[in-house]
Amino acid sequence: MKRTIVVLFLLTNITIAAPKDEFYPGAHYDPSIPTLEAITGHDWGARITSPADIERYMAALAERSPVVQTSSYGESWEGRKLNYLTISSEQNLGRLEQIREGIQNLAKAGLTGEEADRLIEQLPCVVLLAYGIHGNEISSPEAALLTAYHLAAVQGDALRDSILENCIVIIDPIQNPDGRDRFVSYFRQTRGPWPDGDPSAAEHNESWPGGRSNHYLFDMNRDWFALTQTETRARVRLFLEWFPQDFVDLHEMGGNATYYFPPPAKPWNPNLVDAQLDWLTTFGKNNAKWFDRMQFDYFTGEVFDSFYPGYGEGWPMFHGAIGMTYEQASVRGLVLEREDETTLLYREAIRHHFIASVSTLECASTNRQRLLKDFFAYRSSAIEQGRNNSIKEFILPTGSDANRTFKLVNLLLDQGIQVQRAKSEFQNNSTRNLNEVAPDENEFPQGTFVVSLAQPAGRLAKALLERHTPMGDEFIKEQIRRHEKRLRDQIYDITGWSLPILYDVECYTAKESSAGEFETLTVPVSREGGVQGDESKLAYLIPWNSNSAAKALALLNRRGIRVFSSDEPFVMNGITYPRGSLVVKVKDNPNDLHRQISEIASQAGVVVYSTDTAWVEKGVNLGSNNVVYLKRPKVAMVYGPPTRSSSVGATRYLFEREYEYPVTIIPTDRLRTADLARYNVLLFPDASQYSGGYSEFLGESGIGRLKQWIQDGGTLITWGETTRWLTGEKVGLLDTQREYKEQQEEEPKEKSEEKSSEKEKTSDEEIEPDRELPDFTPGALLRVSLDTEHWLAFGYDGQANVIVNSRRIFTPLKLDKGRNIATYLPESHLLLSGFTWEAARKQLANKAYLMYQQRGRGHVVAFAEDPNFRAFMDGLNLMFLNAVFFGPAH
């Protein structure tokens with residue numbers, strides 16, 4: 001009891017304002033520059049500042065300080081402004097546009113060495129400090145404001161003067177305002193009159209989905225090359241406007257840790273250069289100098305690698321920046337009692353990030369010219385390296401789904417990669433198919449896209465387009481050693497991300513540069529959709545072979561237009577229509593159908609064919625029973641625990657933003673009472689593997705209601721751990737099972753006795769587990785074979801690319817139970833990109849990826865993995881939407 005009284009006494013005093021020099025000993029500040037308290041009513045660390053108050057304080061600083069400017073670079077999904085501060089000397093701010101143009105000239109790498117040297121003499125370096133990408137990592141935005149205040153107000157500080165003279169400091173204080181607002185609201189609702197340091201207290205443990213992610217529940221620290229989120233796209237535009245030489249992404253980690261800064265852990269992406277690793281060590285040593293002086297604990301090199309190019313610190317490095325992640329132990333509130341019997345205060349966490357920010361600026365200021373020179377050298381050497389690479393360029397024909405290829409090309413353009421387009425046919429006899437599935441080609445049509453690696457962003461282009469990025473033999477060898485001892489591996493994120501494989505578009509590598517007539521793209525490319533033929537008196541046809549066709553179907557459904565689909569292929573007027581092709585009959589549709597079809601074709605970028613006859617040259621006629629009416633999908637998705645929030649968010653984003661189709665999100669605690677009859681499609685996203693599935697939310701009666709809903713004609717779609725939940729005895733909706741790791745069969749007794757000398761089992765064999773799950777596959781890209789006669793695989797040519805990021809392996813369904821629509825290829829052809837353990841790869845071969853079971857008049861559609869993972873698996877969109885749009889019709 002006495003201990004509790006003492007703790008409460010200490011905590012009740014937590015909001016007392018800290019002395020102004022506590023954060024930076026000996027500092028004296030200009031009283032004319034407003035403090036945080038003067039604007040918001042609380043000092044740094046006394047409260048968790050809301051996004052609205054952060055914006056207010058930024059505006060106040062810019063209004064009162066001549067060295068601070070505020071600007072906006074975009075908006076979040078929820079409409080909050082994305083603001084940043086530009087801080088430098090008055091002289092630099094007066095020539096800001098000239099400085100930006102100079103940096104752009106260095107980035108273009110078209111200058112001679114002498115021209116570059118003259119420019120470097122005159123230019124400050126650019127440092128971009130980015131805070132709060134995860135909304136519940138709360139200390140860094142406060143540190144951003146403190147850093148800005150310090151640079152604006154500290155007096156008589158030579159370091160500050162040096163920084164303002166030598167640097168353009170760009171501070172993005174709150175990269176994820178939606179997530180932070182979610183966290184702040186939760187924290188204020190759950191805290192009492194004084195903060196509670198108990199780590200089990202509600203204020204430290206957010207309810208689902210938490211504040212880490214943005215509106216669509218994306219981890220935006222994985223989105224830098226996928227550019228799915230509006231915040232990411234805006235951030236990349238800001239980056240490309242300024243091309244900072246130093247980029248720091250400030251985070252938080254577990255509350256019992258200390259502080260992390262570079263150098264990073266292995267593996268190191270081989271498309272980066274040694275000079276960058278040297279710089280990471282230089283910045284790390286400077287941070288260590290400051291932290292040692294302040295007696296702050298820290299660590300380096302143990303976790304947080306620079307391998308995946310979608311990190312906030314990773315992607316900038318492929319443009320020549322020195323990208324760094326800083327991680328502070330999180331308080332997740334105002335005070336936290338830690339396992340080492342110390343107490344971590346919020347203001348201490350803020351101070352650590354603040355000191356790291358100042359240290360970084362000192363190092364950049366001191367090394368201004370070297371940073372600029374190495375930035376120019378990186379961009380210039382990328383051109384030379386591209387000329388000498390064994391792969392000189394990537395070639396992207398428009399392919400069978402032109403808009404999917406166009407989307408990939410635009411994605412490259414949006415992140416500063418140069419793309420050319422052929423103005424006429426050309427040949428290249430040094431090509432090889434990236435997937436090594438289709439035969440090699442050497443003749444390419446007009447309109448084909450070419451991405452040369454001889455460009456300033458060549459290393460980024462290579463990192464995103466190449467089939468596989470190796471982690472290094474030494475690193476793999478160490479992981480195997482750890483794996484044999486059942487130690488946790490050191491692979492931090494996914495290992496395969498090749499964009500042509502993710503998009504499943506045709507792509508070729510070339511050992512020699514293509515010769516021909518090409519134009520460099522300066523604006524996004526798009527396919528003009530429209531109606532071919534006059535206004536129809538009978539029907540309009542849309543081939544089902546593209547994501548654009550799926551978007552057209554979504555738009556048709558939203559307008560209430562009746563649509564049919566053919567389960568069999570047919571040929572009409574010389575055009576082949578594959579299975580799934582859409583038939584929009586004039587009869588029973590609006591009188592202005594032609595106008596509406598034309599608008600939809602333009603919006604979706606799809607070609608629609610007009611016909612006045614149902615006669616076909618081959619295949620089924622339009623009046624066949626194989627041409628089925630597509631009931632409009634009324635889609636609902638489970639929202640809340642135990643679902644993985646990222647899985648919910650990616651799918652919701654896909655519906656609402658990519659295909660513009662509504663989906664109702666139903667909280668899991670409403671499942672027992674929700675009127676399921678309102679919907680004909682239910683989505684149960686991936687769930688936490690520790691949750692036990694949805695049973696506790698549905699209960700026995702709820703599971704019974706779900707089964708009856710399926711029997712009555714509903715389509716249930718699951719993926720990931722939720723698919724495993726279906727196989728349980730209590731649910732029993734999928735007649736398969738998750739497999740355990742295959743054990744080596746024992747040698748027959750007779751055979752072992754024939755050996756000249758008997759050997760007992762080694763100690764390693766004796767301690768092998770009797771039963772364990774398969775090895776985890778860390779985000780590798782694999783190939784599956786498809787049953788294209790089933791409506792779930794309509795639109796595909798027989799194979800597809802998938803991502804596996806789990807240890808789930810499902811036994812294929814027996815023929816009398818259902819159909820295995822997608823199965824992993826044999827081991828020799830299975831792996832496309834990334835890393836897999838040999839045993840897992842062998843066991844995955846020929847196992848089920850997509851399973852289908854009919855239940856009464858309804859369907860169970862079960863994916864082993866998330867087909868919408870991070871919303872960058874564009875090549876799987878059609879497969880997923882087949883389940884949504886075709887399920888209710890069958």
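Quick look at the structure, then. (Residues numbered from 1 in each chain as written. Predicted model: local features only at pLDDT ≥ 70, side-chain atom pairs only at ≥ 80, totals over all residues. Heavy atoms only, no water.)

## Some details on a negative patch on the surface
A cluster of acidic residues, Glu114, Glu115, Asp117 and Glu121, forms a negative patch at the surface. Within the secondary structure, Glu115 sits in helix H6 (residues 113–122). Residue class for Glu115 comes out partly exposed when judged on its relative accessible area of 34%. (Patch = residues over 30% accessible without salt bridge, like charges linked within 9 Å, V, L, I, M, F, W, Y side chains within 5 Å. Areas by Shrake-Rupley, 256 points an atom, 1.4 Å probe, with all protein chains shown as cover. Salt bridge = Lys/Arg side-chain N within 4 Å of Asp/Glu carboxyl O. Lys, Arg positive; Asp, Glu negative; His and termini not counted. Charge placed at Lys NZ, Arg CZ, Asp CG, Glu CD. Helix = DSSP H or I, 4+ residues; strand = E, 2+ residues; numbered from the N terminus. Buried < 20%, exposed > 50% of the residue type's maximum accessible area, 1.4 Å probe, protein only.)

## Section: unusual backbone geometry
Pro209 follows Trp208 through a cis peptide bond whose omega is 5°. For Pro209, the position within the fold is in the loop between helix H9 (177–190) and helix H10 (230–242). In this model, Pro641 is joined to Pro642 through a cis peptide bond whose omega is 10°. Topologically, Pro642 is positioned in the loop between strand E29 (635–639) and helix H21 (645–658). Phi at Arg486 takes a positive value of approximately 60°, unusual for a residue other than glycine. Here Arg486 lies in the loop between helix H17 (473–484) and helix H18 (499–503). Given the relative accessible area of 38%, Arg486 is considered partly exposed. In the Ramachandran plot, Asp588 falls in the positive-phi region, its phi being about 70° despite a non-glycine side chain.

## What about the packing of aromatic side chains?
On inspection of all chains with the given rule, the structure shows 56 aromatic pairs. Ring centres 5.5 Å apart and planes at 70° place the aromatic pair Tyr694 and Trp725 in the edge-to-face group. With Tyr694 in the loop between strand E31 (681–684) and helix H22 (695–711) and Trp725 in helix H23 (residues 721–726), this residue pair connects regions lying 31 residues apart in the sequence. The residues Tyr694 and Trp725 share a single accessibility class, namely buried. Taken together, Phe225, Tyr260, Phe299, Phe304, Phe307, Tyr308, Tyr311, Tyr492, Trp497, Phe869 and Phe872 form an aromatic cluster joined through their ring pairs. We note Arg459 situated over the ring of Tyr378; from NZ or CZ to the ring centre the distance is 4.4 Å. Sitting above the plane of the Tyr629 ring, Arg562 keeps its charged end 4.3 Å from the centroid. (Phe/Tyr/Trp six-rings, centres within 6.5 Å; stacked < 30°, edge-to-face > 60°. Lys NZ or Arg CZ within 6 Å of the ring centre and 35° of its normal.)

## Quick notes on the sheet that holds strand E23 (residues 570–572)
Overall, antiparallel pairing links the 3 strands, which are arranged E24-E23-E27 in an open sheet. In this open sheet, the two strands that pair with only one neighbour each are strand E24 (575–577) and strand E27 (618–619). (Pairing = 2+ DSSP bridges.)

## As for the packing of helix H5 (residues 96–108) against H6
For the pair H5 and H6, the least separation of the axes is 10 Å and the interaxial angle reads 150°. Crossing angle aside, the handedness with which H5 passes H6 is left-handed. Here Gly102, Asn105 and Leu106 of H5 lie close against H6, whose contacting residues are Ala116, Leu119 and Ile120. For the contact of H5 with H6, the residue count by class is 4 nonpolar, 2 polar and no charged. (Axes fitted to C-alpha atoms, helices over the stretch in contact; angles between N-to-C directions. Left-handed = near helix turned anticlockwise from the far one by under 90°. Contact = heavy atoms within 4.5 Å. Nonpolar A, V, L, I, M, F, W, Y, C, P; charged D, E, K, R; others polar.)

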